[in-house]
Amino acid sequence: MTDFYLLSKPKCPLCDEALKLLHQAKPENPIRLHVVDITEQLELQDEYAWLVPVLVRARDDAELRWPFSQPIEEFLNT
């Protein structure tokens, strides 16, 4: 099982859309999704404030930034 982190913040319509797309995705293998509120961590807020939502693959820290430039399934399966 691969861990992914969706960097988001409250009241973010794009973050809601990204989460919806993730729930609709059909990866080849099970994933574990962690939703991270960047407003709770100053370091993340400084780095990602204007970039969220960002999907991060835990094993290699690869990022898929909004608007997602590749299909979510492709990123989840890589």
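Look up a bit, the structure's there.
All chains use their own residue numbering, which begins from 1 and follows the written sequence. Local features in a predicted model are, by the rule used here, given only for residues with pLDDT of at least 70; side-chain atom pairs are given and counted only at 80 or more, and totals for whole chains, interfaces and linings are based on all residues. For the side-chain quantities, the full set of heavy atoms in the structure was used; hydrogens and water were omitted.

Novice: Explain the sheet that holds strand β2 (residues 31–37) to me, please; I cannot follow it from the model alone.
Specialist: By definition, the strands of a sheet pair up through backbone hydrogen bonds, in either a parallel or an antiparallel sense. Here the rule is simple: two strands pair whenever DSSP picks up at least two bridges between them. Strands here mean DSSP runs of E at least two residues long; helices mean DSSP runs of H or I at least four residues long; both are numbered from the N terminus. Ordered in space as β2-β1-β3-β4, the four strands form an open sheet in which the pairing is mixed. Strands with a single pairing partner mark the edges of an open sheet, and in this sheet they are β2 and β4 (62–65). Taken pair by pair, the neighbouring strands of this sheet meet at an average axis angle of 20°, ignoring direction. By the bridge criterion, four bridges tie strand β1 (residues 2–8) to strand β3 (residues 54–57) in an arrangement that is antiparallel. In the strand pairing of β3, leucine 7 is matched with valine 54. The contact definition used throughout considers only heavy atoms, calling two residues in contact when any of these lie within 4.5 Å. Convention adopted: a line fitted to C-alpha atoms gives each axis, helices being fitted over their contacting stretch, and angles between N-to-C directions are expressed from 0 to 180 degrees. The strands touched by helix α1 (residues 13–24) are β1, β2 and β3; relative to β1, the strand with the most contacts, the crossing angle is about 160°.

Novice: Looking at this structure, how should I read the nonpolar core?
Specialist: A general trend in soluble globular proteins is that nonpolar side chains are found buried together. Membership of the largest hydrophobic core is limited to 12 residues, which are Phe4, Leu6, Ala18, Leu22, Ala25, Leu55, Ala62, Leu64, Phe68, Ile72, Phe75 and Leu76. Secondary structure elements with two or more residues in this core: β1, α1, β4 and α3 (72–77). Top element by residues in this core is α3. It accounts for three residues. Not counting the four nearest positions on each side in its chain, leucine 64 is found in contact with Pro53, Val54, Leu55, Ser69, Gln70 and Phe75. Only buried Ala, Val, Leu, Ile, Met, Phe, Trp, Tyr and Cys residues count toward a nonpolar core, and they belong to the same one when joined by side-chain atoms within 4.5 Å. Working definition: with a 1.4 Å probe on protein chains only, accessible area under 20% of the residue-type maximum means buried, over 50% means exposed, and in between means partly exposed.

Novice: Got a minute to help me understand the pairing of β2 in this structure?
Specialist: Every other side chain in a regular strand lies on the same face of the sheet, so the side chains alternate between the two faces. Relative to β2, β1 runs parallel, the two sharing seven bridges. Note that in β2 the partner of threonine 2 across the bridge is isoleucine 31. Handedness of the β-α-β unit built from β1, α1 and β2 comes out right-handed. The path from the first strand over the helix to the second decides the hand: if it runs clockwise while the strands point away from the viewer, the crossover is right-handed.

Novice: For this particular structure, what's the right way to read the state of the cysteines?
Specialist: A covalent bond between the sulfur atoms of two cysteines is what we call a disulfide. Note on disulfides: each one is a pair of cysteine sulfur atoms within 2.5 Å. Following the criterion strictly, the structure yields one disulfide and no others. Put simply, cysteine 12 and cysteine 15 are joined by a disulfide, and their sulfur atoms are 2.4 Å apart. On the sign convention where negative means left-handed, the S-S torsion of about 70° between cysteine 12 and cysteine 15 marks this disulfide as right-handed. The pair cysteine 12 / cysteine 15 is uniform in exposure class, with both members buried.

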